[in-house]
Amino acid sequence: PLAPPPALHTLATDADASIREAIAMHPMADAHLLNALACDDSLRIRRAVAMNASLPKAAAERLSQDKQVSVKQLLSSNATVDQDTLFRLTFEQDLYVRRNLAANPGATPETLNRLSDDADRLIKVMLLLNPSRTPGVVDKLYSDSDKDIRILCARADDASPEVLNNLSKDLNEEVRLWVARNA
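Residues numbered from 1 in each chain as written. Predicted model: local features only at pLDDT ≥ 70, side-chain atom pairs only at ≥ 80, totals over all residues. Heavy atoms only, no water.

The next point concerns the overall build of the protein chain. If you tally the helices and strands in the protein chain, you get 14 helices and 0 strands. Helices and strands appear in the protein chain in the N-to-C order α-α-α-α-α-α-α-α-α-α-α-α-α-α. What you see for the protein chain is a C-alpha radius of gyration of 20 Å, clearly larger than the 16 Å of a compact globule of 183 residues, by over 25%. The proportion of buried residues among the 183 residues of the protein chain is 47%. The contacts of the protein chain with a sequence gap of at least 6 include a subset with a gap of at least 24, amounting to 43%. A total accessible area of about 9400 Å² is found for the protein chain, and carbon and sulfur atoms account for 55% of it. Positive and negative charge centroids in the protein chain, built from 22 and 26 side chains respectively, lie 3 Å apart. (Helix = DSSP H or I, 4+ residues; strand = E, 2+ residues; numbered from the N terminus. Rg over C-alpha atoms; globule rule 2.2 N^0.38 Å. Buried < 20%, exposed > 50% of the residue type's maximum accessible area, 1.4 Å probe, protein only. Contact = heavy atoms within 4.5 Å. Areas by Shrake-Rupley, 256 points an atom, 1.4 Å probe, with all protein chains shown as cover. Lys, Arg positive; Asp, Glu negative; His and termini not counted. Charge placed at Lys NZ, Arg CZ, Asp CG, Glu CD.)

At a closest axis distance of 10 Å, the pairing of helix H10 (residues 121-129) and helix H12 (residues 147-155) adopts a crossing angle of 10°. One finds that H10 runs roughly parallel with respect to H12. For the pair H10 and H12, the contacting residues are Arg 121, Lys 124, Val 125, Leu 128 and Leu 129 in the first and Asp 148, Ile 149, Leu 152 and Cys 153 in the second. Grouping the amino acids of the contact of H10 with H12 by side-chain chemistry returns 6 nonpolar, no polar and 3 charged. (Axes fitted to C-alpha atoms, helices over the stretch in contact; angles between N-to-C directions. Parallel < 35°, antiparallel > 145°, perpendicular 65-115°, else oblique. Nonpolar A, V, L, I, M, F, W, Y, C, P; charged D, E, K, R; others polar.)

This part is about the environment of Ala 183. Along the chain, Ala 183 falls in the segment after helix H14 (173-182). Sequence separation of Ala 183 and Asn 35 is 148 residues, and the distance between their C-alpha atoms is 50 Å.

Turning next to the pattern of salt bridges. Within the structure shown, the criterion is met by 15 salt bridges. Across the pair Asp 84 and Lys 57 runs a salt bridge whose closest N-O atoms are separated by 2.9 Å. Here Asp 84, found in helix H7 (residues 83-89), pairs with Lys 57, found in helix H5 (residues 57-63); they are 27 residues apart in sequence, far enough to count as distant. For Lys 57, a relative accessible area of 39% puts it in the partly exposed group. (Salt bridge = Lys/Arg side-chain N within 4 Å of Asp/Glu carboxyl O.)

The next subject is the nonpolar core. Among soluble globular proteins, nonpolar side chains are generally buried collectively. Ranked by size, the top nonpolar core spans 50 residues in total, and within it Val 49, Leu 55, Leu 63, Leu 75, Leu 128 and Leu 167 carry the most contacts. Looking at this core, the element that brings in the most residues is H12, giving 5 residues. Not counting residues up to four positions away in its chain, the partners in contact with Val 49 are Ala 24, Leu 34, Leu 37, Ala 38, Leu 55 and Leu 63. (Core = buried A, V, L, I, M, F, W, Y, C linked by side-chain atoms within 4.5 Å.)

Quick look at helix H2 (residues 17-25) now. All of the buried residues along H2 are Ala 17, Arg 20, Ile 23 and Ala 24. Along H2, the residues classed as buried sweep out an arc of 120° about the axis, all on the same side. Taken together, the buried residues of H2 touch helix H1 (6-11), helix H3 (31-37) and helix H4 (43-51). (Arc of directions from axis to C-beta.)

Summarising the element assignment, Thr 111 is placed in helix H9 (residues 109-115). Thr 111 gets classed as buried once you look at its relative accessible area, which sits at 0%. When residues no more than four places from it in sequence are discounted, the contact partners of Thr 111 are Gln 83, Leu 86, Phe 87 and Thr 90.

Glancing now at the packing of helix H6 (residues 69-77) against helix H8 (residues 95-103). Packing of H6 against H8 brings their axes to within 7 Å, and their N-to-C directions diverge by 10°. As far as their axial angle goes, H8 and H6 are roughly parallel. Between H6 and H8, the contacting residues are Val 69, Lys 72, Gln 73, Ser 76 and Ser 77 on the first element and Tyr 96, Val 97, Asn 100 and Leu 101 on the second. For the contact of H6 with H8, a count of residues per class yields 4 nonpolar, 4 polar and 1 charged.

This is the structure:
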């Protein structure tokens, strides 16, 4: 990869936060710059670093421990964040961090499977709509008390024959209709 222009290194220490923010979002910002900007006193700079697609693991780890939950919320939606950091974020109390993880196409099956135990309805919906989810998520959620979750399981292209068979006996007509369409 190309080295970032020397101007980026100069501007990364600019007194103007909007300049540092632009550097934090810059696609050519290297690991050294992003690691340094992940420690910036300005919340908006750390938020911008959390969204950078080139985020190095050290910066992601630091941001995952940020005191401001909005930084973790953005970090959890970044599909390029390392898998260890994403998995650690599944333990966050903040609902929006977990919801972002559930929708994150870069999350591993382990991360998504851990989230499938979450009680939040929207997390379950996002997991079932996530293109990276595994059939294991459908296997865990098909017996959910929420009919909309069961419908999404019945509609899943990768629903196992066992799941579809069980859902074919569902008390809800709409669930059974989706099984018929998917069988």
